[in-house]
Each structure stands twice: as C-alpha cells, then as structure tokens.
Amino acid sequence: MTRFQAAEWKLLTDLIQDRFGLTFDGVRCEILESRLEPRLRELHLGSLSDYYRFLRFHPEGDAELGRLTPLITNNETYFFREAHHFDILVRRIVPDLRSALRTRPLRILSAACSSGEEPYSIVIALQNGGLELAGVRWEIDACDLNPERVAQARRGLYDAGSLRACDGEARRRYFRESGGRFELRERYRTGVRFFEANLLAPNGSFGWGSYDAIFCRNMLIYFGEEAFDGVIGLFARSLAPGGYLLLGHSESLLDRATELLPVSFGTGVVYRKRLSD
Amino acid sequence: MSPTSERPSVAIRIAALDALPEGEERQPAILAALEEAAPAVRERAIRLAARYVEPAVLGELVADDTNAARRNGAIAALERQGPYALPQLQSMLGLENLDVAMFALQVLARIGDPAPTAAILPLLRHPNLNVAQSAIEALGQLRSREAVPALLGLLRGELWLQLAAIDALGAIGDPRAVGPLVELVPDSVVAEPALESLQRLAAPESLEPLLACLVIVRERSLLDALLLAVGVVIDLHPDPAPAAARLRDELALGHGDALLPYLEQVLNGTAASGDLLRAAAALTVVAGLEALLPLVLHRIADPEGAPWAEALFRRHPDALRGSLDRLLGDADARIRRGALLAAGFGPDDLPTLVNLLGDPEAPVRAAACRALGSTGAEAVAPLLAERLRSGEPIERAAAVQGLALLPPAALGELEPCLAPGAAEEVTIRALEVLGLRPHAAFEARILELAGSRSTALRRAALRAVAQIGGSRADVTLVRALADRSRPVQLEALELLVRRGGERTAVTLSALLSAGDSLRYHVIRALGHLRAEGAAGKLRALYPECGPHERLEIVSALIRIAPRDLAEFLRARLEEPEAELRRIATGGLAELADPAQLPLLLTLAEDADWNVRNEAARGLGLLGLPACRPPLLTLVRDVEPVVARTARKALDALPSVAIPA
Ligand SMILES: C[S@@+](CC[C@H](N)C(=O)[O-])C[C@H]1O[C@@H](n2cnc3c(N)ncnc32)[C@H](O)[C@@H]1O
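Only a predicted model underlies this, so the values are computations on that prediction, with no experimental measurement involved. (Residues numbered from 1 in each chain as written. Chains lettered and ligands numbered in written order. Predicted model: local features only at pLDDT ≥ 70, side-chain atom pairs only at ≥ 80, totals over all residues. Heavy atoms only, no water.)

(A) Just the overall build of chain B, in detail. Counting secondary structure elements, chain B contains 42 helices and zero strands. Its C-alpha radius of gyration of 33 Å places chain B more than 25% over the 26 Å reference for a compact globule of 660 residues. Taking the contacts inside chain B whose residues are at least 6 apart along the sequence as the reference set, 63% of them involve residues at least 24 apart. For chain B, the exposed surface amounts to about 29,400 Å²; the carbon and sulfur share of it is 54%. Each charge sign in chain B was given a centre, from 68 positive and 84 negative side chains, and these centres are 6 Å apart. (Helix = DSSP H or I, 4+ residues; strand = E, 2+ residues; numbered from the N terminus. Rg over C-alpha atoms; globule rule 2.2 N^0.38 Å. Contact = heavy atoms within 4.5 Å. Areas by Shrake-Rupley, 256 points an atom, 1.4 Å probe, with all protein chains shown as cover. Lys, Arg positive; Asp, Glu negative; His and termini not counted. Charge placed at Lys NZ, Arg CZ, Asp CG, Glu CD.)

So, in structure tokens, the structure goes:
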C-alpha cells in the first residue's frame with residue numbers, strides 16, 4: 001500500500017478533480033504515487049499534504065499545477081481507434097451538410113486529442129472520402145490538457161505503437177518512415193489547429209454553437225460526476241444546431257440530463273443536438 | 001424528448017441528498033435513494049444511511065426480501081456503521097429468517113471486530129449448511145483462535161464446510177492447524193486449498209513434510225501450490241538448511257526425478273508468476289542445487305535486476321561457496337556477474353577478483369569493483385581509483401561504491417582525481433565517494449571545490465563537506481544557502497538539517513529576517529530540526545508573512561512543540577482559511593492532552609471533513625472512555641476517510657462487551 005495517508009490523498013485528488021475533472025481510485029492512486037515521488041523529491045517536500053499546500057498556496061503553485069498535468073493524465077491513443085466513428089463522420093454526418101458546406105468549412109472539435117492521432121485520423125478519413133476533391137474545406141480544432149502531448153501532436157512524428165491499427169499499405173500511404181519512426185505526410189495535416197486547453201476551464205477557447213461534430217473519446221471515463229456534466233454542458237453549447245457528439249465506447253450519456261439525444265447509426269450510438277431550439 | 005433526459009443530473013441528485021435538512025423527511029428520502037440506478041447516487045445514499053439511519057431500521061430492510069435493491073443498500077450501510085451496528089447485527093444472528101442470519105454473519109465478518117465471536121461460535125454446528133458456512137468464514141475473517149478446535153473437527157466433514165474450514169484455519173494462523181492440514185496433502189481432493197492455507201501459516205514445522213511431498217508429486221498444479229508454500233515457509237524459517245539438505249540427498253539418490261526439470265522450467269520461464277519464481281530460487285539456493293544455481297544468477301545479472309535474488313544469497317552466504325570458482329570462470333558473462341554480485345568475498349579471493357577486473361565485459365568488471373570493495377582490503381584502492389578515472393560509466397559508478405567500503409586510509413588514492421587538472425566527471429565521482437561516508441581527508445581541497453563555477457561540482461562537493469566534522473564545514477554549508485543556484489541552496493539546507501545541531505538552528509533562525517523565497521524552505525527546515533530556540537521568532541514572523549509561509553510556520557511549530565503551542569493553535573482555529581484550521585486541529589490532536597477533550601468534541605462535529613478526521617485521530621490518541629461515544633458517531637461519518645480513522649481509533653480503545 002501507499003506510504004501516504006488516506007486524508008492527504010483525498011485532499012490532493014479532490015484538488016485534481018476540481019481543477020481537471022480527473023478522478024483517482026485504488027490502482028490509479030498507485031500509479032499517481034509513483035509518478036509524484038520524484039517530483040516531491042525535487043521540491044524537497046516529504047508528504048502529499050506538503051505538496052497539496054504547495055500547489056494551493058505557494059507563489060509557484062500555479063506553475064506546479066501545469067507541471068502536474070503530464071503526471072496525472074493517461075494519454076494512450078492511436079490512429080483509427082474506434083474506427084467506425086470516422087465512417088459515421090464521412091458517410092452519415094457530412095452528406096447531410098453538403099449544401100451548407102458549399103459556402104463554409106466543416107467544423108470539427110477533437111477534444112482531449114492527446115498526441116494528435118485522433119484529429120489526423122479524421123483528416124485521413126476526410127481525404128479518403130474524396131471531400132477535398134469535392135471542394136469541401138474543413139477546420140479541425142484539436143486540444144488537450146497535456147502540453148507535452150500537444151507539442152508532440154504538432155510534430156506529427158509517431159512510434160510504431162501509434163500505428164498498431166494500420167496495415168502495411170496504410171503505413172506507406174500516410175507516413176514517411178525514418179529510423180523506426182513514422183512521420184505523417186503533409187497532405188494529412190490539412191486544416192488541423194492544435195492548442196492547449198483545460199476542458200474544465202475553457203476560457204472561451206471554443207466558439208458558441210460552431211462545431212458540426214465534436215470527438216471526445218476516452219477522457220470522460222476518468223472524470224467525476226460534476227466534471228462530466230460540466231464538460232457535456234460545454235459541448236452542448238459549442239455544437240451547432242444538429243451537430244453531433246462522439247464519445248468513446250465506454251462513455252455514455254444515458255441516464256443523464258442533457259439536450260443531446262442518442263442517435264444510432266447501426267455501428268454505434270452517437271449524440272445529437274436538436275436542429276432548432 | 002425522452003423521459004430520462006428530464007431527470008436532474010447525477011451531480012444534482014447527489015447534491016440534493018447532501019442538502020437534506022434534519023427532520024422527518026430525511027430518512028425516507030435517503031432510503032428511497034438506496035434504490036437509485038446510478039451507482040454514484042446510490043453510494044452517497046449508503047453513506048448517508050450509515051450516518052443518519054439507526055441500525056434497527058436498516059435491520060428491518062435486510063429482513064424484507066421483496067426489495068433487493070434496498071436490502072443491498074441496507075447491508076452496505078450496516079457494514080459502514082461498523083462497531084456501532086454490532087448489537088443489532090448480533091441480535092440478527094438468532095432470527096428465524098436464515099437469510100438474515102447469513103447476511104448478518106457476512107457483515108460481521110467484513111466489519112472485523114472480534115467482539116461478537118462468542119455469539120458466532122455456536123453457529124458452526126448450525127443444521128443449515130449456508131449458515132454454518134457463513135459462520136466458518138466469519139470466524140476465519142475475525143481470526144478467532146477460540147474457533148480452531150471446532151474448525152479442526154470440520155476438516156473431515158461435508159466438502160463445502162471442509163473447504164471453508166481449511167480457508168479459515170489459514171486465515172487464523174494458529175499452529176495447531178499445521179499437522180491436520182499437512183495430512184490432507186498430497187492425496188485428497190482438498191490438497192490444493194490445504195496448501196494455500198499452509199502457505200499462509202508459513203509454519204517452520206511444515207517444511208520437512210512439504211519437501212517430502214515435492215519429491216513424490218508429479219501433477220503440475222499441485223507442484224505449483226507446493227512450491228509456493230515451500231517458498232514462503234523457507235522465507236520465514238529460522239534455519240531451513242538441514243531440511244533442504246535432506247532433500248538434496250534424496251535427489252542425489254535418484255528420487256524425485258521430476259522435480260529438477262520442473263524447477264528448471266520455472267526458473268527459465270517467463271510465464272511463471274513472480275512468486276513461483278522466487279520460491280524456486282529460494283529452494284535452489286537453500287538446498288544448494290548446483291545445476292540450477294546459474295539460472296538464479298541470471299536473474300541477478302539482469303539489467304532490470306532482481307533485488308530479491310541478491311537478498312536471498314545475502315541470507316544464505318555459503319550457498320555459492322562450493323561452486324564459486326567454476327561460476328566465476330563460466331563462459332556466460334551473466335553468470336560471472338551474477339556470482340560476483342551474489343557471493344560474499346574475503347582477502348583470500350583477491351587474486352581471483354583482481355583477475356576479473358580484466359574481464360572482456362564491462363558489467364562483469366563493474367561487479368568485480370564492488371566485490372573488491374566489499375573485501376575491505378586497503379590494497380585494492382589504487383585499482384579501484386584507476387577504474388574510477390578510466391573505466392566505462394558502469395565501472396565508474398561501481399568503483400565509487402567499492403571505494404566507499406574501504407577503510408579511511410585507502411582514500412588517499414583519490415588525490416589525483418581531486419587535483420586541479422582532473423576531468424570534472426572524475427572529480428565529481430571522487431567527491432561522491434567522500435559524500436557517502438564520514439571522513440577527514442582533503443578538507444581544504446573539498447572546501448575549495450565547494451566554490452567551483454560548475455553547479456554539478458558544487459553540489460557534489462557540498463555532499464562531501466557534509467561528511468566532514470567541524471565548524472569550517474558548517475560555514476561552507478551555511479554559505480551555500482546563498483548559492484546562485486536554487487537546487488544547490490536546497491541541497492545545502494537539507495544537508496544542514498541532516499547534520500542537525502544547535503548552531504545550525506541559530507544560523508537558520510537568523511535567515512528568517514530575509515524575506516526572500518528561500519525563507520519558505522528555512523521555516524520548514526527549522527521544523528525538521530525541531531529548533532526550540534526558533535519558536536519565538538517563528539511566531540513573531542507569523543502575522544507578517546504570506547499564506548504559504550503561515551501554513552509552514554504552524555506545521556513547524558507543531559513539530560517543535562513549544563510550551564504554549566495549544567494556545568497558538570486554538571487561535572488558528574478562528575482564522576478563515578480552512579487549511580490553517582486543518583493543520584491546527586492536527587496539531588491539537590497530536591498533543592494528546594486531556595485538557596483539549598472538550599475542544600476535540602466540538603471539532604468532531606465540524607463541517608470540514610478534514611477537521612473531523614483530525615479530531616477522530618486526536619480522540620484515539622487520548623484513549624479515554626469519554627472518547628467512545630463521539631467516535632461511534634464518527635465511525636459512521638459520510639466521509640469514508642473519517643470513518644476509517646475513527647474505526648482505527650476505536651479499535652485502539654479498551655474494548656467493552658456488547659449487551660446481549
Ligand atoms: C486516453 S487520452 C484519449 C485520446 C483520444 N481522444 C483517444 O480516444 O484515443 C485522454 C486525454 O484526455 C486529456 N485530458 C484529461 N483531462 C483533460 C481536461 N480537463 N481537459 C482537456 N484534456 C484532458 C489527457 O491529457 C489525455 O491526453
């Protein structure tokens with residue numbers, strides 16, 4: 001078991017939940033502990049309550065909270081994860097918008113995009129769907145809490161693990177291999193804009209009623225109730241009327257109060273904002 | 001719009017439950033919420049039921065088998081009530097509704113308080129097998145020694161009861177169970193569970209019979225269970241060698257021809273569980289099974305290292321003696337390295353070890369450096385110093401370790417490494433040696449290096465300075481508090497705290513007047529030093545400084561514990577900052593002063609869970625009979641952390657009988 005006391009764990013994890021939405025249970029606490037230990041040593045702090053006080057009261061506390069984010073997030077992701085979503089986007093969501101997209105770009109938010117595999121998979125799907133040839137433009141906003149991952153996303157350079165769902169053909173088409181790493185080709189980066197953002201404190205990063213689709217997958221599973229509701233509220237505001245929300249397979253809005261209604265496309269359930277209020 | 005989307009969200013439903021005011025409507029609302037579909041809401045309802053619903057009411061819900069959801073909620077709430085619910089649960093044992101008796105037994109087992117043991121014992125013979133089985137399991141979980149004779153009687157009975165009894169005996173850990181359990185191995189349907197219990201018992205007297213079984217058993221799953229038990233028994237045995245030697249002799253006679261291949265498979269396997277691997281290694285080492293030793297040495301030499309394997313040889317230092325020469329000359333570098341790391345060496349081994357300094361593989365040479373140091377022979381110092389200067393990185397690090405083991409006179413060899421022209425990396429390594437052990441060498445040069453331009457050199461030099469006695473070293477460390485690099489400052493502060501001493505405290509107190517960013521750390525350091533002389537200054541500083549320093553001052557004063565601490569802490573309770581109130585309550589709790597009892601009783605009802613938690617701890621530390629009633633409330637606290645603290649505190653109070 002952990003060398004820290006239950007009460008100090010609760011103080012610290014409540015603070016993290018309050019600021020970032022993330023919750024921690026037994027196993028995740030152990031992982032967190034092993035990641036925090038070196039940080040505590042560097043700061044010459046002996047206990048989690050010392051650290052908690054540092055984060056909340058020390059003049060350098062805010063900077064330390066920023067440093068904390070890479071230590072508390074699970075950034076696991078890969079290209080074409082839950083691939084049916086990209087299909088739904090190209091075959092179901094976009095066709096309905098055809099006429100509108102003659103005069104404006106398709107707008108997508110990839111929330112909690114980690115190192116960028118998700119938004120880039122969207123571009124690949126759109127390219128493969130022939131949208132560029134059809135004259136459709138797109139703007140993909142992609143954000144994450146963890147600054148290290150956002151920087152990596154901008155570089156677009158990946159290890160083989162990120163390509164685990166790509167066959168040989170896909171590897172060759174979408175990437176340039178060098179020294180065992182894979183660089184995404186320029187053509188598949190079109191229209192993506194990366195930025196750092198905390199979905200719990202969005203500070204106006206996301207437009208009001210502007211997105212045709214929001215992808216937010218495999219983040220809410222780590223969230224507590226209040227944070228979950230808060231983020232769904234944010235998405236509901238940020239979606240255009242009739243816009244879609246796509247969640248990860250173990251995340252669901254059933255039994256939750258929200259204006260987003262489930263829509264089944266055969267391959268999976270997504271959520272939709274009503275067309276008019 | 002679907003009906004589900006009109007319900008308030010989970011977060012709002014939880015908040016509404018929390019906000020229920022005291023009064024007639026609270027209980028029905030809480031009980032209704034026990035049936036909620038959303039787990040988070042249900043969990044909150046259980047916490048509130050534990051706090052605000054009396055055990056008798058919950059007991060009725062358990063008896064009502066028409067509403068399973070509410071029954072489950074009530075069971076969970078009774079469990080959370082812990083000692084508070086014991087009389088109710090005990091009364092449920094005698095009810096005609098056997099389901100209720102069974103649930104009560106299960107909850108009592110999970111609560112884990114031994115008080116109801118006497119009421120449970122008669123149920124071991126209950127005609128209903130489910131009740132009897134629950135009683136067995138409960139007594140096992142309560143680790144009731146009184147139950148052992150009755151449980152032994154059940155070992156030959158009905159299979160389910162037999163299995164439960166075996167498991168309970170393992171949990172209780174009474175040595176009277178060893179003989180009867182051993183009799184069930186290897187030829188009974190319950191041999192594997194019996195082995196699991198023997199493993200938990202880990203009794204020395206089971207080693208001999210277990211080893212005898214190892215020789216005859218061939219079935220893989222049973223072998224695994226046996227080996228696991230043997231591993232644990234060896235671990236806790238004062239002298240496993242004689243029994244293990246008899247096993248080796250048996251094997252030499254050609255008995256148990258399946259055992260060696262089996263052990264080999266486990267030691268080679270990547271599939272084997274860690275525990276199985278360790279058990280096989282322990283048996284190999286203790287029994288001196290020469291053919292298998294190399295496999296254990298592989299584990300040690302692994303770059304990921306297996307510290308347990310090294311520890312194993314440290315506990316059985318003679319295990320390698322007979323085959324050491326052969327192992328050190330083995331063609332496989334991992335075996336050479338493993339043997340060097342595992343064996344103990346003395347002066348007689350010097351020629352062999354020196355030879356290995358010329359090994360073609362750097363990891364082997366590194367292991368030889370450490371082994372040479374462990375001989376303590378002054379004569380090896382020049383060789384190690386040479387490795388430190390020109391070895392590969394892994395050798396240099398090992399040479400540091402080796403040199404630090406040698407007598408003080410040998411450290412003279414470091415002189416060229418510290419000389420002005422030496423490479424910085426070499427000088428840092430030499431300083432590392434001097435930072436690992438007290439010494440009186442090179443004082444002037446080290447003090448000079450503490451003023452180097454390179455930050456890495458200054459840090460290493462300071463660690464060496466801290467090992468020198470005397471006031472010049474003190475002055476150097478104090479001066480480093482003003483170093484231009486923050487990490488060096490903090491290193492110096494930590495080294496000073498570790499040195500301790502009145503003078504350090506005085507110096508640090510003087511630094512309190514400088515309002516720079518180091519002051520936060522200085523305050524903490526004074527606390528760690530328990531610098532009594534600094535208490536007045538810290539208190540005087542309190543009103544002048546920022547919130548982060550105030551919190552540290554309160555913590556430091558709690559460590560120092562000056563005479564009027566209680567008064568100072570009481571004043572902090574009046575401050576608006578919640579964190580200050582929490583720390584102050586913790587400080588008051590640690591005073592363990594009966595005079596603070598009335599205050600702790602008030603704090604036990606505070607709105608802040610953290611304050612209640614500290615109050616619970618304080619009531620436990622006081623240990624007075626008057627602490628029981630408030631703790632029986634805190635043990636049902638809506639915040640599980642508080643409930644756990646209260647439970648620990650209650651367990652430490654002298655126990656009282658449950659009224660029948
Ligand atoms: C497991 S990854 C999911 C990546 C991708 N969406 C996928 O499904 O493969 C979860 C990401 O959520 C991000 N995250 C966690 N809390 C966040 C918050 N409050 N705001 C924004 N991003 C957050 C983490 O940094 C992490 O990169």
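(B) Summary view of the site of the ligand. All names here are of chain A. Near the ligand, the surroundings consist of 21 residues, among which Asn-75, Thr-77, Arg-81, Asp-144 and Asn-218 are the closest. Residue Leu-145 places a main-chain N or O atom 3.3 Å away from a nitrogen atom belonging to the ligand. Note that a nitrogen atom of the ligand is positioned 3.0 Å from one of the side-chain N or O atoms of Asn-198. When the ligand is considered free in solution it has 600 Å² of accessible area, and contact with the protein chains removes 99% of it. Partitioning the shell around the ligand into residue classes produces eight nonpolar, eight polar and five charged. (Near = heavy atom within 4 Å. Polar contact = N/O pair within 3.5 Å; in protein donor to acceptor, adjacent residues only side chain to side chain. Nonpolar A, V, L, I, M, F, W, Y, C, P; charged D, E, K, R; others polar.)

(C) Spotlight on the environment of Arg-337 of chain B. Residues and elements named next belong to chain B. Mapped onto the elements, Arg-337 comes out in helix 22 (residues 333-342). On a C-alpha basis, the gap between Arg-337 and Asp-302 in space is 9.4 Å, while along the polypeptide they are 35 residues apart. Leave out the neighbours within four places in its chain, and Arg-337 touches Ala-301, Pro-363, Val-364, Ala-366, Ala-367 and Ile-394.

(D) Expanded view of the domain arrangement of chain A. Residue and element names in this part refer to chain A. When its domains are assigned, chain A resolves into domain 1 (6-72) and domain 2 (84-273). Summarising the inter-unit geometry, the C-alpha centres of domain 1 and domain 2 are found 30 Å apart. Listed per partner, the contact involves 10 residues of domain 1 and 11 residues of domain 2. Across the contact surface, domain 1 and domain 2 share three residue pairs in polar contact (both at pLDDT 80 or more). (Domains from an automatic or database assignment.)

(E) Representation of the confidence of the model for chain B. Residues and elements named next belong to chain B. Looking at chain B, pLDDT values average 92 and 97% of them are 70 or higher. Here residues 1-5 scores under 50 on pLDDT; set against residues more than four positions off or in separate chains, the count is five contacts. Quick note on the complex model: pTM equals 0.84, ipTM equals 0.86. (pLDDT = per-residue confidence, 0-100.)

(F) Quick look at the pairing of strand 2 (residues 138-144) of chain A. Residue and element names in this part refer to chain A. Burial analysis of strand 2 places six of its seven residues in the buried class, which makes it a mostly covered element. Bridge analysis of strand 1 (residues 106-111) against strand 2 gives six bridges, and the strand direction is parallel. If you follow Ile-108 over to strand 2, its bridge partner there is Ile-140. Taken together, strand 1, helix 6 (residues 117-128) and strand 2 constitute a β-α-β crossover, and its handedness is right-handed. With five bridges joining them, strand 2 and strand 6 (residues 192-196) adopt parallel strand pairing. From the neighbouring strand, Ala-142 faces strand 6, where its bridge partner is Phe-194. (Buried < 20%, exposed > 50% of the residue type's maximum accessible area, 1.4 Å probe, protein only. Pairing = 2+ DSSP bridges. Right-handed = clockwise from strand over helix to strand, strands pointing away.)

(G) Molecular detail of the packing of helix 36 (residues 547-560) of chain B against helix 38 (residues 578-591) of chain B. All names here are of chain B. In contact at an axis separation of 10 Å, helix 36 and helix 38 are set at 0° when each is read in the N-to-C sense. Looking at the two axes, helix 36 sits roughly parallel to helix 38. The segment helix 36 lies against helix 38, with Leu-551, Val-554, Ser-555 and Ile-558 engaging Glu-579, Leu-580, Ile-583, Gly-587 and Glu-590. In the contact of helix 36 with helix 38, the residues fall into five nonpolar, two polar and two charged. (Axes fitted to C-alpha atoms, helices over the stretch in contact; angles between N-to-C directions. Parallel < 35°, antiparallel > 145°, perpendicular 65-115°, else oblique.)

(H) Local environment of the sheet that holds strand 3 (residues 157-158) of chain A. Residues and elements named next belong to chain A. Strand order in the open sheet formed by three strands is 3-5-4, with antiparallel pairing between adjacent strands. Each edge of the open sheet is held by one strand with a lone partner, namely strand 3 and strand 4 (175-178). In the sheet, strand 3 pairs with strand 5 (residues 181-184) via two bridges, with the strands oriented antiparallel. Considered in strand 5, the bridge of Leu-157 is made with Glu-183.

(I) Expanded view of the nonpolar core. Of all hydrophobic cores here, the largest spans 292 residues; its most connected members are Phe-235 and Leu-245 of chain A together with Leu-151, Phe-313, Leu-340, Leu-538 and Leu-631 of chain B. Listed in part, the 43 residues of the second largest apolar core include Phe-86, Leu-101, Leu-106 and Ile-124 of chain A. (Core = buried A, V, L, I, M, F, W, Y, C linked by side-chain atoms within 4.5 Å.)

(J) Broad picture of the interface of chain B and chain A. In this complex, chain B contributes 32 residues to the contact, which on the side of chain A involves 25 residues. Taking both partners together, chain B and chain A bury about 2,400 Å²; carbon and sulfur atoms supply 57% of that area. At the junction of chain B with chain A, the criterion picks out three salt bridges. A salt bridge links Glu-552 of chain B to Arg-53 of chain A; its shortest N-O distance comes to 3.3 Å. The interface formed by chain B and chain A holds seven residue pairs in polar contact (both at pLDDT 80 or more) in total. Residue assignment for the side of chain B that touches chain A shows that the elements contributing at least two residues are helix 1 (10-18), helix 32 (486-499), helix 34 (519-528), helix 36, helix 38, helix 40 (609-622) and helix 42 (640-652) of chain B. The element contributing the most residues to the side of chain B that touches chain A is helix 36 of chain B, with five residues. In terms of residue class, the side of chain B that touches chain A is built from 13 nonpolar, eight polar and 11 charged. (Buried area = accessible area lost by both parts, 1.4 Å probe. Salt bridge = Lys/Arg side-chain N within 4 Å of Asp/Glu carboxyl O.)

(K) Spatial organisation of the sheet that holds strand 7 (residues 211-216) of chain A. Residue and element names in this part refer to chain A. Pairing within the open sheet is mixed, and its seven strands lie in the order 6-2-1-7-8-10-9. In the strand order of this sheet, the two ends are held by strand 6 and strand 9 (260-264), each with one partner. Between one strand axis and the next, the sheet turns through 25° on average, direction left out of account. Its contacts with the sheet put helix 9 (residues 225-238) on strand 1, strand 7, strand 8 (239-247), strand 9 and strand 10 (269-273), and the angle it makes with strand 8 is roughly 140°.

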